[in-house]
Every structure is written in C-alpha cells, then in structure tokens.
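Structure at a glance
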Amino acid sequence: MKKNINKFISLSLFVFLVLSACNLGKAAPSATQAPVTEAAALPADTPTSAPTEAVIQHVLIPGDLPAEQSGLAGDHDSSTTADENRAPGGDRFTFGRYERPFNSEAMDVYYPYLDIQTTEFYLDDTWIYAVITLKGDESSQSLAGKYGFEIDLNVDGGGDWLIMAAQPSSTEWSTDGVQVWFDENDDVGGIVKVIADEVLPGGNGYETLIFGNGQEDDPDLAWVRVSPADSNTVQIVAKLSILEGDKTFMVGMWAGGEDFSPALFDVNDTLTHEQAGASLKELEFFYPIKELSELDNACRMAIGFQPSGNEPGLCPLPPGPPGEDPLPPSSCPPQYLFCYYDNYRNLVCVCRQP
Ligand SMILES: [Ca+2]
Ligand SMILES: [Ca+2]
Ligand SMILES: [Ca+2]
Ligand SMILES: [Ca+2]
C-alpha cells in the first residue's frame, strides 16, 4: 500500500513537473520510455498501476493547406480492373513503380484504401504538406494503411527523408502514428537509384528515426490528419526546416499495408522481380504479385524547378521537342499540369488549375 502511495506521489510530481515545463513553453522532457500520447492530462482517478505517460504540449500545430499547390501527380485506379484480379497499369517493379493494392497470389482482394488516385504537394513558410487521395468506395470507411512521402533533396533518385503515418483516423491534426525517417548512410536506392539493382545491395533503407519514438527534440515536427473535406484523403505534414533551406527537390508518395517498412527502401533492391511478382497480366512471366503485395506508389513530382525529364522516378512530362522546355510558357502552370498514362498506355495531360 505504501508503495502504491509512493508511486502515486511520484506520478503526481512527474505530471506536475511536466505541466510546469509546458507552461514555460518548452517541450516536455523525454524523461521516460513510456509511450507518448497527446492526452491533455491524466485523469484524477488514474490508477497508480497505469503506465506513466509523458504529456506533450504542442507549440506549433498545422492549420489549413496553402491555397497554392506546388505539385501534383496522378496514379492508376486499380478498381477499374480489380474484378479481373489485375492492375490496369503502372506496375513496373524494375523502374520502382508499383500498383499493387491487392492481396498476394490470388489478387482477389482489392484494398481501396491502399489505391492511390492522386497526390499533391504544398508548402508554406513553416510546413511541407503531402496529400494522398485513396480510392473511395462503400466498403472502405477507414484509412487502414500506412501512408508516406519521400523527399529526394539532391535529385539523384535516392530518397533522403521518409515521413510516414499509420492508420490516420482523426480529422484533427495529430502526431500519433507519425514517424520521420532519414537515410543517414545514403544507401537508399542501392547502386542504381530508383531502378532495381542487378545484385541486391542489402542496404538498411531509412534507418534513422528522427521523430516518432517519444525521444524527439521537437514534438511538433510532423503531423497527420484525415482531410476534413474528404474521408479518403490523408494529409501528412512536416516542418519545412527539415529541408535545411533546399528549395529544389523531388517528392514521391506511398501507400502500403502492415509490411510496409522504412527499412525496405528502395523496395526493388530488397527482393527480385521473380520474388515480387507483378500485377499486370501482360508481364506473364511475373504475374501475379507474390511476396510484394498491398503496396502502391505514385511517380515523383519536381518541386521548385522545371524538370528536364531525366530525373529518376519523375512523373511523365508532356511530349515536346527534344532539348526544348517541355512546358511552353503559355501553357498550364507546371504545378497544375497533370500527366498520366491511361489504361491503353496513352499519355494524357490535363491542366488542373483551379
Ligand atoms: Ca501506383
Ligand atoms: Ca493506384
Ligand atoms: Ca536501386
Ligand atoms: Ca540507409
């Protein structure tokens, strides 16, 4: 009994100290290994046997998205061919393009919440915003996957940052389930970035967890919410400061199931095409998907610069004379140009300027 009272006093003291620190506008100290939650405070009748939880006082919370979009990329809609147990296109393992919102082997279960339809990118003076719209339908009322975006700062094809969010459920901004990963030893992508290496390089992918383990320096570094306007859209946000002033970079977005992991980048450097399989029946030697299932990604958008067309993983550009600016100045502003290959492999470009 005395032990319990002591525990209660310790807990109360701890909560008091944490709240005091918060009131001074400082981050709560990472004084414990206990899981961090966003609970405003522990209820007064919290049993003394409950695990100690650090209380985080957030200083900076994102608001609405900026009015002007910085990038846009489309993706294939696998629902159109799901009843044929195949994807309509966009699944090219060798080139790092995936369209696999299906179960392994039979491909008779289609996961709309893993089927990326469009991706958008925004930034302002404080935040970068990744917006992923999944396929909406009657059977999918929750975003039960893991969602993320990669940033390739030096445009060499190898991602540098990966910001991920698991099973977002609230339309309020939250840090729960959000992780920020960095590739400290620069081995994401292996020898040939984006493209599958002939010899599997055996790297460790994104290995450095900067945010999401309860020990981070900045408790406001990254956030997620379900779009208040669309229950099939997830918005993931990180502080602009992670770019360290870089204004030209590439962004590519992902959706995956339980097995989707930061250690698996680049995904096509961790297993062979034979092991991974393919979701396109045309690739008859590889069809169906095998060890690599429940995964979708979209092509990478160029942010802050006019792409030449040679950037690794880049979204398709409209056809133009070789050597010339692929986007005539009189046409659509590049951040609103939306190009994709339709189900017949024709390149279609439309302007989605509001
Ligand atoms: Ca895709
Ligand atoms: Ca898709
Ligand atoms: Ca590679
Ligand atoms: Ca690494």
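Structure: see above.
Residues numbered from 1 in each chain as written. Chains lettered and ligands numbered in written order. Predicted model: local features only at pLDDT ≥ 70, side-chain atom pairs only at ≥ 80, totals over all residues. Heavy atoms only, no water.

Quick notes on the nonpolar core
Among the nonpolar cores identified, the biggest contains 37 residues, and Phe121, Phe149, Ile151, Ile163, Ile242 and Val251 are the most heavily contacted of them. Apart from the residues lying within four places of it in its own chain, the contact partners of phenylalanine 149 are Phe121, Ile128, Ala130, Trp161, Leu162, Ile163, Ile236, Val251, Gly252 and Met253. By size, the runner-up hydrophobic cluster in this structure holds 16 residues, among which are Leu162, Val188, Val267 and Leu295. (Core = buried A, V, L, I, M, F, W, Y, C linked by side-chain atoms within 4.5 Å. Buried < 20%, exposed > 50% of the residue type's maximum accessible area, 1.4 Å probe, protein only. Contact = heavy atoms within 4.5 Å.)

Focus: the sheet that holds strand β1 (residues 71–74)
A sheet is described by the order of its strands in space; here 5 strands give the open sequence β1-β3-β4-β10-β9, paired in antiparallel fashion. Each edge of the open sheet carries a strand with a single partner, namely β1 and β9 (222–226). Recorded for the sheet is a direction-independent mean angle of 15° between the axes of neighbouring strands. As paired elements, strand β4 (residues 127–134) and strand β10 (residues 233–239) share 7 bridges and run antiparallel to each other. (Pairing = 2+ DSSP bridges. Helix = DSSP H or I, 4+ residues; strand = E, 2+ residues; numbered from the N terminus. Axes fitted to C-alpha atoms, helices over the stretch in contact; angles between N-to-C directions.)

Re empty space enclosed by the protein
Under the criterion given, the structure shown has 2 cavities of 30 Å³ or more. Reported here for the largest cavity is a volume of approximately 140 Å³. Together, 17 residues line the largest cavity, and Gly96, Val194, Trp254, Asn297 and Arg300 are the ones closest to its centre. Ranked by residues supplied to the lining of the largest cavity, first place goes to strand β11 (residues 249–256) with 3 residues. Across the lining of the largest cavity, the residue classes break down as 8 nonpolar, 5 polar and 4 charged. (1 Å grid on protein atoms, 1.4 Å probe; cavity = no way out; pocket = protein on both sides within 12 Å on 5 of 7 lines; lining within 4 Å. Points joined across faces, edges and corners; volume = space filled by probe spheres on them. Nonpolar A, V, L, I, M, F, W, Y, C, P; charged D, E, K, R; others polar.)

Overview of the coordination of the calcium ion (ligand 4)
Here the calcium ion (ligand 4) is held by Asp183 (OD), Asn185 (OD1), Asp187 (OD), Asn204 (OD1), Gly205 (O) and Glu207 (OE), and the distances to it run 2.2 to 2.4 Å. Classification of the site at the calcium ion (ligand 4) as octahedral follows from its 6 donor atoms and the range of 82 to 173° in their angles at the metal. The sequence pattern formed by the donor residues of the calcium ion (ligand 4) is D-x1-N-x1-D-x16-N-G-x1-E. Of the two residues, asparagine 185 sits in the loop between β7 (178–182) and β8 (208–211) while glutamate 207 sits in the loop between β7 and β8, which places them 22 residues apart along the sequence. You can call asparagine 185 partly exposed: its relative accessible area is 43%. (Donors = N, O, S within 2.8 Å, 3.2 Å for Na, K, Ca; no water. Tetrahedral: all angles 85-135°; square planar, octahedral: opposite > 155°, others 65-115°.)

What to know about the state of the cysteines
Using the criterion set out here, one finds 1 disulfide in the structure. Between the sulfur of cysteine 299 and that of cysteine 315 lies a disulfide, 2.0 Å long from S to S. Residues cysteine 299 and cysteine 315 are joined through a disulfide that is right-handed, its torsion about the S-S bond being 90°. Of the two residues, cysteine 299 is situated in the loop between β12 (295–297) and β13 (301–303) and cysteine 315 in the loop between β13 and β14 (337–341); the sequence distance between them amounts to 16 residues. The pair cysteine 299 / cysteine 315 is uniform in exposure class, with both members buried. (Disulfide = S-S within 2.5 Å.)

Side note on the coordination of the calcium ion (ligand 3)
Donor atoms from the polypeptide that bind the calcium ion (ligand 3) are Gly189 (O), Val192 (O), Ile195 (O), Asp197 (OD), Asp269 (OD) and Asp269 (OD), placed at 2.2 to 2.7 Å. Geometry at the calcium ion (ligand 3) is irregular, judged from the 6 donor atoms that bind it and their angles of 50 to 156° at the metal. Between the donor residues of the calcium ion (ligand 3), the gaps in sequence give the motif G-x2-V-x2-I-x1-D-x71-D.

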